[in-house]
Number of protein chains: 2
Amino acid sequence: MEVFTDRYFMNEALKEAKKAFDNDEVPVGAVVVVQDQIIAKAYNQVELLKDPTAHAEMLAITSAANFLGSKYLTDCTIYITLEPCLMCASALFWSKISRVVFAAADDKNGFMRLGKGVLHPKTKVEYGLMEPESRVLLQSFFEQKRK
Amino acid sequence: MEVFTDRYFMNEALKEAKKAFDNDEVPVGAVVVVQDQIIAKAYNQVELLKDPTAHAEMLAITSAANFLGSKYLTDCTIYITLEPCLMCASALFWSKISRVVFAAADDKNGFMRLGKGVLHPKTKVEYGLMEPESRVLLQSFFEQKRK
């Protein structure tokens with residue numbers, strides 16, 4: 001039985017998203033994995049840091065690059081609970097990451113409306129894994145905000 | 001005679017770009033200005049920090065937001081020596097910055113190939129100011145690299 005599946009790592013990203021939720025941030029989480037090892041975890045901290053660039057993916061990319069001592073994240077996979085925005089997708093482009101796996105789509109701000117060409121040609125993209133779990137978390141957050 | 005002109009601030013951004021050049025980084029600089037006061041300066045530090053997200057604009061945005069204690073840079077102008085890439089343009093979108101002024105165009109990686117819609121609808125964009133000065137710096141950098 002394989003333990004370190006995509007589902008395992010996406011669940012770790014969801015745990016990060018829940019930390020964001022508990023801190024009153026839009027609940028998005030990300031983990032970066034290389035050879036079944038998590039080298040970076042992050043959740044959205046835009047409100048805490050009052051920094052529009054502090055999306056989960058950006059923090060995870062910076063943290064992973066720091067861990068590897070390299071500006072390139074070749075051979076890494078990033079698991080994200082929400083489709084990256086253009087900023088994060090373009091940061092992933094610069095990182096030349098091998099694989100991007102995201103859960104829920106973001107039709108408003110996601111990069112996919114511009115096509116996969118925003119990412120590096122060598123980067124593989126998959127999505128939909130644990131989408132319902134991520135969606136429920138996002139919906140509860142925005143419903144709570146509207147109250 | 002007005003001292004704090006666009007040219008004055010773009011020249012400050014060029015000074016930042018020269019610091020990048022002197023540190024063997026792609027020479028790009030940025031300054032953020034509010035009411036004729038520079039509140040953030042930065043140059044590209046991708047190699048130094050080994051961080052693919054450490055573009056001049058990203059560092060300047062984070063620094064300016066930190067100075068203002070706000071995730072929004074409304075009423076600010078950013079002066080950049082090179083056309084922002086998609087990552088930086090999208091970060092500027094999230095910041096809702098009032099005005100973006102850049103010197104040289106970047107036909108390969110610049111955001112303008114996707115149109116001004118990458119920025120916030122309220123953000124004004126101007127370009128071409130001190131383009132030759134910025135271009136010369138970039139060309140010397142890449143010529144030196146090819147040697």
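Refer to the structure above for everything that follows.
Fair warning: this is a prediction, and the values are worked out from it, not measured in the lab.

### Comments concerning the packing of aromatic side chains
Part 1 of the argument: Taken as a whole, this structure holds 18 aromatic pairs over all chains when the rule is applied.
Part 2 of the argument: Ring centres 5.1 Å apart and planes at 10° place the aromatic pair Phe 102 of chain A and Tyr 127 of chain A in the stacked group. Here the residue Phe 102 of chain A occupies a position in strand β4 (residues 99-104), and Tyr 127 of chain A occupies one in strand β5 (residues 124-127), the gap between them amounting to 25 residues.
Part 3 of the argument: Taking the relative accessible area as the measure of exposure, Phe 102 of chain A reaches 1% and is therefore buried.
Part 4 of the argument: Using a relative accessible area of 52% as the deciding quantity, one classes Tyr 127 of chain A as exposed.
Part 5 of the argument: Ring centres 5.1 Å apart and planes at 70° place the aromatic pair Phe 93 of chain B and Trp 94 of chain B in the edge-to-face group.
Part 6 of the argument: Accessibility expressed as a relative area gives 23% for Phe 93 of chain B, which makes it partly exposed.

### Let's talk about the interface of chain A and chain B
Part 1 of the argument: Listed per partner, the contact involves 25 residues of chain A and 25 residues of chain B.
Part 2 of the argument: When the buried area of chain A at its contact with chain B is split by residue, Pro 52, Lys 71 and Trp 94 of chain A rank highest and sum to 29% of it.
Part 3 of the argument: For the salt bridge of Glu 47 of chain A with Lys 71 of chain B, the shortest nitrogen-to-oxygen distance reads 2.5 Å.
Part 4 of the argument: Remark: the boundary between chain A and chain B carries eight residue pairs in polar contact (both at pLDDT 80 or more).
Part 5 of the argument: Residue contributions to the side of chain A that touches chain B peak at seven residues, all from helix α4 (residues 86-95) of chain A.
Part 6 of the argument: Among the residues forming the side of chain A that touches chain B, the class breakdown is 13 nonpolar, eight polar and four charged.

### Side note on the sheet that holds strand β3 (residues 77-82) of chain A
Residue and element names in this part refer to chain A.
Part 1 of the argument: One open sheet accounts for five strands, arranged β2-β1-β3-β4-β5; its pairing is mixed. Bordering the open sheet on either side are β2 (37-43) and β5, each of which pairs with just one other strand. For this sheet the average axis-to-axis angle between neighbouring strands, irrespective of direction, equals 15°.
Part 2 of the argument: Direction of pairing for strand β1 (residues 29-34) relative to β2: antiparallel, over a ladder of six bridges. Considered in β2, the bridge of Val 33 is made with Ile 38.
Part 3 of the argument: Lying over the sheet, helix α3 (residues 56-68) contacts β1, β2 and β3, oriented at roughly 145° with respect to β2.

### Considerations on the relation of the copies chain A and chain B
Part 1 of the argument: Superposition of chain A onto chain B requires a rotation of 180° combined with a translation of 0.0 Å along the rotation axis, giving an RMSD of 0.0 Å. Such a combination of turn and shift is consistent with a two-fold rotation axis. The position closest to the rotation axis in chain A is occupied by the C-alpha of Met 87 of chain A, lying 1.9 Å away.
Part 2 of the argument: By residue overlap, the copies meet face to face through one surface: 100% of the interface positions of chain A are interface positions in chain B.

### Overview of the nonpolar core
Part 1 of the argument: Of all hydrophobic cores here, the largest spans 68 residues; its most connected members are Ile 78 of chain A together with Ile 78 of chain B.
Part 2 of the argument: In this structure Ile 78 of chain B touches Ala 30, Val 31, Val 32, Glu 57, Ala 60, Leu 92, Ile 97, Arg 99, Val 100 and Val 101 of chain B, once residues within four positions along its chain are discounted.

### With respect to the packing of α4 of chain A against helix α4 (residues 86-95) of chain B
Part 1 of the argument: Following both chains from N to C, one finds α4 of chain A and α4 of chain B inclined at 160°, their axes separated by 7 Å at the closest point. Between α4 of chain A and α4 of chain B, the angle is such that the two are roughly antiparallel. For α4 of chain A against α4 of chain B, the interelement crossing comes out left-handed. Note on element contacts: α4 of chain B touches α4 of chain A through Leu 86, Met 87, Ser 90, Ala 91 and Trp 94 of chain B, opposite Leu 86, Met 87, Ser 90, Ala 91 and Trp 94 of chain A.
Part 2 of the argument: Of the residues belonging to the contact of α4 of chain A with α4 of chain B, the class tally is eight nonpolar, two polar and no charged.

Reading the values: rules and limits
Residues numbered from 1 in each chain as written. Chains lettered and ligands numbered in written order. Predicted model: local features only at pLDDT ≥ 70, side-chain atom pairs only at ≥ 80, totals over all residues. Heavy atoms only, no water. Phe/Tyr/Trp six-rings, centres within 6.5 Å; stacked < 30°, edge-to-face > 60°. Helix = DSSP H or I, 4+ residues; strand = E, 2+ residues; numbered from the N terminus. Buried < 20%, exposed > 50% of the residue type's maximum accessible area, 1.4 Å probe, protein only. Contact = heavy atoms within 4.5 Å. Buried area = accessible area lost by both parts, 1.4 Å probe. Salt bridge = Lys/Arg side-chain N within 4 Å of Asp/Glu carboxyl O. Polar contact = N/O pair within 3.5 Å; in protein donor to acceptor, adjacent residues only side chain to side chain. Nonpolar A, V, L, I, M, F, W, Y, C, P; charged D, E, K, R; others polar. Pairing = 2+ DSSP bridges. Axes fitted to C-alpha atoms, helices over the stretch in contact; angles between N-to-C directions. Least-squares fit on C-alpha atoms with pLDDT ≥ 70 in both. Core = buried A, V, L, I, M, F, W, Y, C linked by side-chain atoms within 4.5 Å. Parallel < 35°, antiparallel > 145°, perpendicular 65-115°, else oblique. Left-handed = near helix turned anticlockwise from the far one by under 90°.

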